[in-house]
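A look at the structure
Chain by chain, the residues run as shown.
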Amino acid sequence: MTTPVCTSASNAATAATRTLPYPSFASYVKARQPVLLRTARSLTANPSDAEDLLQTALAKTYVAWERIEDHRALDGYVRRALVNTRTSQWRKRKVDEFACEDLPEPEPVPTGGDPAERQALHDAMWRAIMRLPARQRAMVVLRYYEDLSEVQTAEVLDVSVGTVKSAVSRALGKLRDDPELGFVR
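Rules used throughout
Throughout, residues of each chain are indexed from 1 in the direction in which the sequence is written. Only residues with pLDDT of at least 70 get local features here, since the model is predicted, and only at 80 or more are side-chain atom pairs given and counted; chain-wide, interface and lining totals rely on the full set of residues. Hydrogens and water molecules were not included; the side-chain quantities draw on all heavy atoms of the structure. To qualify as a helix, a DSSP run of H or I must reach at least 4 residues; to qualify as a strand, a run of E must reach at least 2; elements of each kind are numbered from the N terminus. Each residue gets one of three labels from its accessible area relative to the maximum for its type: buried under 20%, exposed over 50%, partly exposed in between, using a 1.4 Å probe on protein chains only. By definition in these notes, contact holds between two residues if any of their heavy atoms fall within 4.5 Å. Each accessible area value is a Shrake-Rupley result obtained with a 1.4 Å probe; residue values ignore everything except the protein chains displayed when judging cover. Nitrogen and oxygen atoms within 3.5 Å of one another constitute a polar contact, given that in protein one can donate a hydrogen and the other can accept it, and given that sequence-neighbouring residues count only through two side-chain atoms. One speaks of a salt bridge when a side-chain nitrogen belonging to Lys or Arg is within 4 Å of a carboxyl oxygen belonging to Asp or Glu.

A look at the overall build of the protein
Secondary structure assignment for the protein yields 8 helices and 0 strands. Taken from N to C terminus, the helices and strands of the protein fall in the order α-α-α-α-α-α-α-α. The buried share of the protein, taken over its 185 residues, is 24%. Restricting to contacts in the protein with at least 6 residues of sequence separation, those with at least 24 account for 51%. In the form shown here, the protein has an accessible surface area of approximately 13,900 Å², with 55% of it arising from carbon and sulfur atoms.

What about the side chain of Q136?
Along the chain, Q136 turns up in helix α6 (residues 134–145). Reaching out from Q136, the side chain makes a polar contact with the side chain of K174 at a distance of 3.4 Å.

A word on the pattern of salt bridges
Following the criterion strictly, the structure yields 5 salt bridges and no others. With its nearest N and O atoms 2.3 Å apart, the salt bridge here joins E180 to R127. With E180 in the segment after α8 (161–177) and R127 in helix α5 (residues 115–130), this pair connects stretches of sequence that are 53 residues apart. In this structure, the salt-bridge partner of R131 is E180, at a minimum N-O distance of 3.1 Å. Pair noted here: R131 is in the loop between α5 and α6 and E180 is in the segment after α8, with a separation of 49 residues, a long-range link.

Structural data, given as structure tokens:
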């Protein structure tokens, strides 16, 4: 049996071999989440389901974090947790389809007119919006296309709620009076 000549050097060597690429679970998740999310998205059809799947797999990894000896193989561990979790979900899924003799009648879909007319109206509306002053245009787009509340719109544009209300009111008045949109009334 040999004894090390320099104990501080052997301790440093031992510490160097034990340095982990990810000192904490949080640093691992921060560094690898985009890659792991892509893997989860390849296992599910819905992006929200993929996020849930990754969250579940990361929770399982967190529970086992202290037991994982080789932190260089963490991606493989999490990927295996993703696949196993997805397989369990698939096995537990509830089937809501039942065979029956009569096919149900499809619900009538409101047609809303000619698609060309809808496109013409859409184009005319955007041309009218583009003719608004920049500030009013921004407020109309945030309020009605981005579906933000008046308070949220005010926060985004760093103005008061009253300013948003009055500017949107003036912009809608201009849109009502726009000659190109006259055929809509």
